[in-house]
Amino acid sequence: MLDTTGPADVADVRRLAHDGLLAGSAAAARPSALARLRGGVYTVAWPLVFTRITKPLEHRRRHADCARGLGWLRPDCLDRFHDDVEAVVDHALRRATSPIENLEGWLATRLTPATVDAHRRRRGEIGALQRPRLPAWLAGALGGDPWLCDLAVQILVWAGVPATAGAELWPLDGWAARRTEVTGKPPPGRDLLDREVDQVLAAMRTRPAWHAAHVECPLGHKQAPVAPMPVELPALELVGEHELADARLASLAEQALRAIETRLDRGEPAPAAVTTVVRAVFGEQAPDGAPHHGDWLATALADRERLASIVATVLAILDR
């Protein structure tokens, strides 16, 4: 889908969003027109999703290869990325009912609610609890043990996650680290953790219908394990070079926003914070066709009106 949208589609989406007509146009559009609208929103949304959701998540999962860029995502991680982008697109086409001056800035504020709602909806569709909580009866069956109660919640969460733990059913390595955090004890052996999982499952099975609905049924929907590609193998180019460049610029923009927010928190005036950070981050990133890397940026920052516009855009994105 990343290669199917032209500049005209994106321009139409921006115009409709600016006029407050995006959601209404989507609701009334015929299939072909709706596909173009979806494609336009997708083109604007995917760099934001990768930079703000996918990349941090892959770092937390220790998928250094996936965090490198869109072209390096493993199959299951790529599926999750597309699910998140589709969730943001759906959200935008339903909720963009008021005039939107800055589409990227507006989408950035909607990433979390859109993806969380979609995640919960997908969990509910397969029978998993949308917001896993420990039932009082299960806590009683586990004797109120803090770790076993925590493990029970981890099992309920994992049951509704489409990812797999390699060739294993449970992500025991992650749960071993979690056990250390909860109990303050050294990491357990695999046999001990297996027994504890069995103990929690046995407690859950005391209510067979509940266990079947919220554990067995969701587990049956998990994808088959996919062996990861070694990092050192040549990466398959899934997108064009210009889209990879856009992703790199989106990553730089995210870094700049974090740095500007830090300076603002310290009390630095917005124009000074924005000028310093933008010059440091983008000084060597000239737009296509710019003859000199530094000239275009120096000219933009020296123009008071352009600088004021840049500062206003940054503050809107940061909701300051």
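Everything below is about the structure printed above this text.
Worth saying up front: this structure is predicted, and the values here are computed from it rather than measured.

*Asks:* How do you make sense of the overall build of the protein chain when you look at a structure like this?
*Replies:* In terms of helices and strands, the protein chain carries 14 helices and zero strands. Here the protein chain, with 320 residues, has 40% of them falling under the buried criterion. For the protein chain, the proportion of contacts with a sequence separation of at least 24, taken over those separated by at least 6, is 64%. As displayed, the protein chain has an accessible area near 17,300 Å², and 55% of this comes from carbon and sulfur atoms.

*Asks:* Any chance you could explain helix α9 (residues 190–204) here in plain terms?
*Replies:* For an α-helix, the turn length of 3.6 residues means that residues three or four places apart are oriented alike. In this model α9 runs 21 Å from its N-terminal to its C-terminal C-alpha over 15 residues, within 8% of the 21 Å that 1.5 Å per residue would give. Those residues of α9 lying buried are Leu193, Glu196, Val197, Val200, Leu201, Ala203 and Met204. Taken end-on, α9 shows its buried residues confined to a sector of 160°, consistent with a single buried face. Turned more than 90 degrees from where α9 packs its buried face, Asp191 and Arg195 sit exposed.

*Asks:* For this particular structure, what's the right way to read the packing of helix α8 (residues 172–183) against α9?
*Replies:* Helix packing for two helices is described by the angle between their axes and how far apart those axes are. Contact pair α8 / α9: the axes reach a minimum separation of 11 Å and the direction vectors enclose 90°. One element, α8, and the other, α9, form an angle in the roughly perpendicular class. For the pair α8 and α9, contact is made by Leu172, Asp173, Trp175, Ala176 and Arg179 and by Arg190, Leu192, Leu193, Asp194, Glu196 and Val197, respectively. In terms of residue class, the contact of α8 with α9 is built from six nonpolar, no polar and five charged.

*Asks:* Would you take a moment to explain the pattern of salt bridges for this structure?
*Replies:* Where side chains of opposite charge bring their charged atoms close, a pairing between them can arise. This structure, assessed with the given rule, holds eleven salt bridges. Among the ionic pairs, arginine 178 bridges to aspartate 150, the shortest N-O distance being 2.7 Å. Residue arginine 178 is found in helix α8, and its partner aspartate 150 is found in helix α7 (residues 146–159); the two are separated by 28 residues along the sequence. On the accessibility criterion, arginine 178 (30% relative accessible area) is partly exposed.

The rules we used
- Residues numbered from 1 in each chain as written.
- Predicted model: local features only at pLDDT ≥ 70, side-chain atom pairs only at ≥ 80, totals over all residues.
- Heavy atoms only, no water.
- Helix = DSSP H or I, 4+ residues; strand = E, 2+ residues; numbered from the N terminus.
- Buried < 20%, exposed > 50% of the residue type's maximum accessible area, 1.4 Å probe, protein only.
- Contact = heavy atoms within 4.5 Å.
- Areas by Shrake-Rupley, 256 points an atom, 1.4 Å probe, with all protein chains shown as cover.
- Expected span 1.5 Å × (residues − 1).
- Arc of directions from axis to C-beta.
- Axes fitted to C-alpha atoms, helices over the stretch in contact; angles between N-to-C directions.
- Parallel < 35°, antiparallel > 145°, perpendicular 65-115°, else oblique.
- Nonpolar A, V, L, I, M, F, W, Y, C, P; charged D, E, K, R; others polar.
- Salt bridge = Lys/Arg side-chain N within 4 Å of Asp/Glu carboxyl O.

Spatial relationships are all this shows, so hold off on functional conclusions.
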